[in-house]
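Coordinate analysis (summary)
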Amino acid sequence: MKKPELLLPGGSLEKCEYALKYGADAVYFGTVDFSLRALRKGEIITDDNMKTCVDLVHSLGGKAYLTLNIYSFNSDIEKLVQKMDIIKDANPDGILISDVGVLSVVKKYLPDIDIHISTQANTLNSEAVKFWRDFGAKRVVLARELSIPEIAQIKKDVPDVELEVFVHGSQCVSFSGRCLLSDYMTQGERKANKGGCAQPCRWSYKLLEETRPNEYFEIEQNERGTHILSPKDLALINYIPQLIDAGVDSLKIEGRTKSLYYVSAAARTYRHAIDEYFETGKQSEKENLNQLAKIGNRGYTTGFYVAKPDSDGYSYDISKGLAGADFLCMFLNENRDGMQKVLTKNKFYVGDEIEIISPDELFTTKVLKVVDFNTEEEKDFSNTNDTSWIEFERVPKDTKYALARTVGIKNERC
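The sections below set out a description of the structure shown in this document. (Residues numbered from 1 in each chain as written. Predicted model: local features only at pLDDT ≥ 70, side-chain atom pairs only at ≥ 80, totals over all residues. Heavy atoms only, no water.)

**Regarding the overall build of the protein**
A count of helices and strands for the protein gives 10 helices and 21 strands. Element-wise, carbon and sulfur atoms account for 47% of the exposed surface of the protein, whose accessible area totals about 19000 Å². (Helix = DSSP H or I, 4+ residues; strand = E, 2+ residues; numbered from the N terminus. Areas by Shrake-Rupley, 256 points an atom, 1.4 Å probe, with all protein chains shown as cover.)

Below you can see the structure in the form of structure tokens.
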């Protein structure tokens, strides 16, 4: 039995690095013009640093997949042709595609690159997988509307094509993500299938009867609003054995716009679950879900994979994922006089108990001392965005890539 690939989102160079260090086998990333997650700020991946990103991933022993999965107009195809030399020089391990025009261009200019068909292509059956195989695809990312037995049947029918399946993360209310709601509600300014989704499915809605202008009625009374279109997040961590038995080659986690903490903690949890199953034949199901509760989520569901979703698969009360633990700081891998240099993400105090996670460790410790990095002033707390020297009761054996969060679970929704 072969271990499936664990595939994590790489929204930036830093996230790619942390994802791989925390257990991913591969990362996927996109550029602004051709990705369905078009980041506009931070250390995003661009034409200028694409090769740097791929080289970094390869240096860490991982694979790098480039997403070119928008639906393209002629103007997009013209831009893509101009980008081919840059992609060829970067040398990713595969390219995710949903548009047959993009596929044609990639095959023409990069005939030896591995082709992965994006979930946006809505692949739901064996004949469609055969179609993509005959057009040169090595891998197909199946639609999220399939059950595990249906996935197993596709693998049985088409064993010579790799199958990739989403196992964790945000879900779109529309069929396989083909949504026009954002386009309409932003007057064409935020096109979902061009990487600019405004996520109107996460908005709060009220009912307006046309003969009663300005009279708004709650569809469901709630102090946070009414989020009637917002699905819960997907979590299949306790179904890894069934997915492996079904023949899934790659387990994919959503979240290129999520935080570095989200990517690291999700990678660590799924890595542990996969390895534990292969080593013991068992799964720590409750503990796995407890770990996932500590990262941002809208509550968890198994989507279509286990049973047809009903109203319990929707998050009616919130639109933004709430983390069960606050991300407190990241270690900057410098120390002096027994103190560690950290970048604070959320305020914490001297005396606080915190949980430290690293690629190899997970433990609880206490904050003993805080010294401001710039002023050398000893303080009672480290504030958000501060760089500080911190003395901890216990530190990781290796502080590089270590992170800290609050202890326990709050906002538990799964």
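**A few points about helix α4 (residues 100-109)**
Burial in α4 covers these residues: V102, L103, V105 and V106. Projected onto a plane normal to the axis of α4, the buried residues spread over an arc of 165° and lie on a single side. Among the exposed residues of α4, those oriented more than 90 degrees off its buried face are V100 and K108. Of the surrounding secondary structure, the elements contacted by the buried residues of α4 are β3 (63-68), α3 (74-90), β4 (94-97), β5 (114-117) and α5 (126-134). (Buried < 20%, exposed > 50% of the residue type's maximum accessible area, 1.4 Å probe, protein only. Arc of directions from axis to C-beta. Contact = heavy atoms within 4.5 Å.)

**Remarks on the pattern of salt bridges**
For the coordinates displayed, the defined rule picks out 24 salt bridges. For D114, the salt bridge is made with K138, and the minimal N-O distance between the two is 3.3 Å. Of this pair, D114 sits in strand β5 while K138 sits in strand β6 (residues 137-141), placing them 24 residues apart in sequence. The partly exposed category is assigned to D114, whose relative accessible area is 25%. (Salt bridge = Lys/Arg side-chain N within 4 Å of Asp/Glu carboxyl O.)

**Structural notes on the packing of helix α2 (residues 50-59) against α3**
Running from N to C, α2 and α3 point in directions that differ by 20°, and their axes come no closer than 8 Å. It follows that α2 is roughly parallel to α3 by the angle criterion. Between α2 and α3 lies a crossing whose hand is right-handed. On α3, the residues touching M50, K51 and V54 of α2 are I86, I87, D89 and A90. When grouped by side-chain class, the residues that make up the contact of α2 with α3 number five nonpolar, no polar and two charged. (Axes fitted to C-alpha atoms, helices over the stretch in contact; angles between N-to-C directions. Parallel < 35°, antiparallel > 145°, perpendicular 65-115°, else oblique. Left-handed = near helix turned anticlockwise from the far one by under 90°. Nonpolar A, V, L, I, M, F, W, Y, C, P; charged D, E, K, R; others polar.)

**Some words on α5**
Residues of α5 that are buried: S126, V129 and W132. One face of α5 carries all of its buried residues, which in axial projection span an arc of 120°. Away from its buried face by more than 90 degrees, α5 exposes E127 and D134. Those residues of α5 that are buried lie in contact with α4, β5, β6 and α6 (148-157). For α5, the N-terminal capping position is held by N125, with its side-chain oxygen 3.2 Å away from the main-chain nitrogen of E127. Immediately beyond the C-terminal end of α5, within one or two residues, lies G136, with a positive phi of roughly 100°. (Polar contact = N/O pair within 3.5 Å; in protein donor to acceptor, adjacent residues only side chain to side chain.)

**Considerations on the pairing of β6**
Counting buried residues along β6, four of its five residues qualify, which places the element largely inside the surrounding structure. As paired elements, β5 and β6 share three bridges and run parallel to each other. Paired with I115 across the strands is A137, a residue of β6. For the crossover that starts at β5, traverses α5 and ends in the parallel β6, the hand is right-handed. Bridge count between β6 and strand β7 (residues 162-169): three bridges; the pairing is parallel. Across the sheet, residue V141 finds its bridge partner in β7, namely E164. (Pairing = 2+ DSSP bridges. Right-handed = clockwise from strand over helix to strand, strands pointing away.)

Remember that the coordinates give geometry; whether it matters functionally is a separate question.
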